[in-house]
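# Residue-level structure breakdown
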Amino acid sequence: MAVAQPKSSRFISGFGVQVLVAMALGLGLGLLARNLGPGEGQAGYVLAETLHQVGAIFVQLLRVLVPPLVFTAIVASIANIAQLQNAARLVWRTLFWFAVTALIAVLIGIALGLILQPGLHTTVEAAAAKAPKTHGSWLDFLTGLVPANILGLAASTKITEGAATTGLSFNVLQIVVISLVTGVAALKVGEAGEAFLKFNASALAIVRKVLWWVIRLTPIGTVGLFGNAVAQYGWTTLGQLGAFTGAIYIGLALVLLVVYPTILALNGLNPIKFFQGAWPAIQLGFVSRSSVGTLPVTEAVTETSLGVPRAYAAFAVPFGATTKMDGCAAIYPAISAIFVAQFFGVHLAWSDYFLIVFVSVIGSAATAGLTGATVMLTLTLSTLGLPLEGVGLLLAIDPILDMGRTAVNVAGQVLVPTIVAKREGILDLETYNTARVPAETVLHPAE
């Protein structure tokens, strides 16, 4: 499938190279900030704060576009997927492969936890163990499915030094539910819904255009995000939890570089072609640490570079961004739960390992719209009856771990629609095998 090269590519080319260069620059600036001194008013503090603000603004720009993108994309996908004869089977096969890959990932996590025993090889002090302010529960999962309002918004107020600050956030899972119901209703009312569906298609095109402008800022955002992580956490804390960090990244690498390629090969797909197409989304997921923030690029590469039909990808990818988290909801909670048990000297029975598997495969949707892996970990620990204070041991290095977790999450969110489309015979194999659309054209192929 040939795609016209836009004029903008003369200014922006080699998206992947730019992101790698930006990561290297961020690493250098982060180390410089640490060496210049972390004290307030010192040059290092100013540089670190600048990096933090640059990264935060970039993620905020991505996140602000997620609600309209998810809503318009899913409504449009409902209108399109309803025309397919195998729509119901596509949905069920998507859920099936979500569960299969999550099961494999959590089993790898349990195996690494038992073999490497990270909880017995740490120099972190027990005094660092503090219960987190936010934790997950099965009630969070159930209530998270029911929209609190038509926009899926939630408000929270914090009181600091006598001053109250109120912030708004959105629950992506609730937006998905609202979108699904609205899309089905628009089809059911027949002719009366046609005007709405046309308006929704127009709105989707506008959102994607604005999104393209934001994606152009990715290299700049990468410098801020990666540099701030290095400046804030450095290598000291990583050293104290070296065995745990190593176990997490070994698990993530096994899933990303062994499990996923094996699944692709068993389904007759070239793993190298997959990673070539999915790489822009995986890169952005690594630096942004947000599956939701990466959603626009994930959806774009799934459709344009890998050949998954838009009608299906527009449903599967947003749904996967809220529930398909092999990094945050499988590898991480499995190893972390075993780490906490080993650290506090708690024996885990075989039934406890079955509970870890159950929570990881069934309960990952509990993380949607909340605090991601931290909520998933507290849900796992509370289900097992392990001390929640163990979460406090791991929070110090969470941003470093979150980079790898999110990259694997995003890869899985691209993988499943690709596999299902291939098995259903709707994958454009010519596009998958030959089309390597430049990342800067993937969201808006013509200007």
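Residues numbered from 1 in each chain as written. Predicted model: local features only at pLDDT ≥ 70, side-chain atom pairs only at ≥ 80, totals over all residues. Heavy atoms only, no water.

### Re the overall build of the protein chain
Check the secondary structure of the protein chain and you find 18 helices and 2 strands. The 447 residues of the protein chain split such that 54% are buried. Taking the contacts inside the protein chain whose residues are at least 6 apart along the sequence as the reference set, 84% of them involve residues at least 24 apart. Counting every atom, the protein chain has about 19,300 Å² of accessible surface; 66% of that belongs to carbon and sulfur. (Helix = DSSP H or I, 4+ residues; strand = E, 2+ residues; numbered from the N terminus. Buried < 20%, exposed > 50% of the residue type's maximum accessible area, 1.4 Å probe, protein only. Contact = heavy atoms within 4.5 Å. Areas by Shrake-Rupley, 256 points an atom, 1.4 Å probe, with all protein chains shown as cover.)

### Describing the pattern of salt bridges
Throughout the structure, instances matching the rule amount to 5 salt bridges. Across the pair E424 and R89 runs a salt bridge, and its minimum N-O distance is 2.9 Å. Of this pair, E424 sits in the loop between α17 (398-423) and α18 (429-434) while R89 is found in helix α3 (residues 87-116), placing the two residues 335 residues apart along the sequence. Taking the shortest distance from any N to any O, the salt bridge between R405 and D402 comes out at 2.9 Å. Taken together, the residues span about one helical turn, with R405 and D402 both in helix α17 at a distance of 3 residues. Each of the two residues, R405 as well as D402, counts as buried. Linked through salt bridges whose partners overlap, the residues forming this network are R89, R93 and E424. (Salt bridge = Lys/Arg side-chain N within 4 Å of Asp/Glu carboxyl O.)

### A look at the side chain of N200
Looking at the element boundaries, N200 is found in helix α6 (residues 191-215). If near-sequence neighbours (up to four positions away) are discounted, N200 is found in contact with F71, T72, V75 and A76.

### A closer look at unusual backbone geometry
The phi torsion of most residues other than glycine is negative, and most of the peptide bonds are trans. Of note, the phi angle at Q117 is positive, near 45°, even though the residue is not glycine. Its place among the elements puts Q117 in the loop between α3 and α4 (138-145).

### What about the confidence of the model for the protein chain?
Of all residues in the protein chain, 76% have pLDDT values of 70 or greater, and the mean over the chain is 78. For the protein chain, α4 is the element with the lowest average pLDDT, namely 58, and helix α9 (residues 242-266) is the one with the highest, namely 92. Considering only residues more than four positions removed or in separate chains, one finds that residues 127-136, a stretch of pLDDT under 50, has 25 contacts. Low pLDDT (under 50) marks residues 443-447, which in the prediction has 17 contacts with non-local residues, meaning those over four places away or in another chain. (pLDDT = per-residue confidence, 0-100.)

### Considerations on the environment of Y312
Among the secondary structure elements, Y312 is positioned in helix α12 (residues 310-323). When the C-alpha atoms of Y312 and V420 are compared, they prove to be 9.7 Å apart, with 108 residues separating the residues in sequence. Apart from the residues within four sequence positions on either side, Y312 is in contact with I81, L90, T94, V416, P417, V420 and A421. Within the structure, the side chain of Y312 is placed 2.6 Å from the side chain of T94, a separation counted as a polar contact. (Polar contact = N/O pair within 3.5 Å; in protein donor to acceptor, adjacent residues only side chain to side chain.)

### A look at the nonpolar core
Proteins that are soluble and globular tend to have nonpolar side chains buried together. Ranked by size, the top nonpolar core spans 104 residues in total, and within it F244, Y260, F274, Y312, I356, L386 and L394 carry the most contacts. If one sorts the elements of this core by residue count, α17 sits on top with 13 residues. Grouped together as the second largest cluster of nonpolar side chains are 7 residues, A33, L47, A48 and V223 included. (Core = buried A, V, L, I, M, F, W, Y, C linked by side-chain atoms within 4.5 Å.)

### Description of α17
Given 3.6 residues per turn, any residue in an α-helix points the same way as the ones three and four places further on. Taking 1.5 Å as the rise per residue, α17 with 26 residues should run 38 Å; its terminal C-alpha atoms sit 37 Å apart, in good agreement. Burial of α17 is extensive: 24 of the 26 residues sit out of reach of the surface. Backbone geometry just after α17 places G425 at a positive phi near 75°. (Expected span 1.5 Å × (residues − 1).)

### Some details on the environment of G109
Its location among the elements puts G109 in helix α3. In this view, G109 contacts I331, A334, I335 and I338; residues no more than four positions away in its chain are not counted.

### Considering the side chain of K324
Locating K324 in the fold gives a position in the loop between α12 and α13 (327-343). Taking the relative accessible area as the measure of exposure, K324 reaches 2% and is therefore buried. If we skip the residues at most four places from it in the chain, K324 touches W97, F98, T101, A102, N409, G412, Q413 and V416.

### A word on the packing of α3 against α17
Interaxial distance between α3 and α17 falls to 9 Å at its minimum, and their mutual angle equals 130°. What the angle tells us is that α3 and α17 run oblique. Crossing geometry of α3 relative to α17 is assigned as right-handed. Touching L90, R93, T94, W97, F98 and T101 of α3 are L415, V416, I419, V420 and R423, all from α17. Here the contact of α3 with α17 is composed, by residue class, of 7 nonpolar, 2 polar and 2 charged. (Axes fitted to C-alpha atoms, helices over the stretch in contact; angles between N-to-C directions. Parallel < 35°, antiparallel > 145°, perpendicular 65-115°, else oblique. Left-handed = near helix turned anticlockwise from the far one by under 90°. Nonpolar A, V, L, I, M, F, W, Y, C, P; charged D, E, K, R; others polar.)

### Observations concerning α6
Taking 1.5 Å per residue, 25 residues should reach 36 Å; α6 reaches 37 Å between its end C-alpha atoms and fits that length. Looking only at α6, the buried set comprises G193, L197, N200, A203, L204, V207, R208, L211, W212, V214 and I215.

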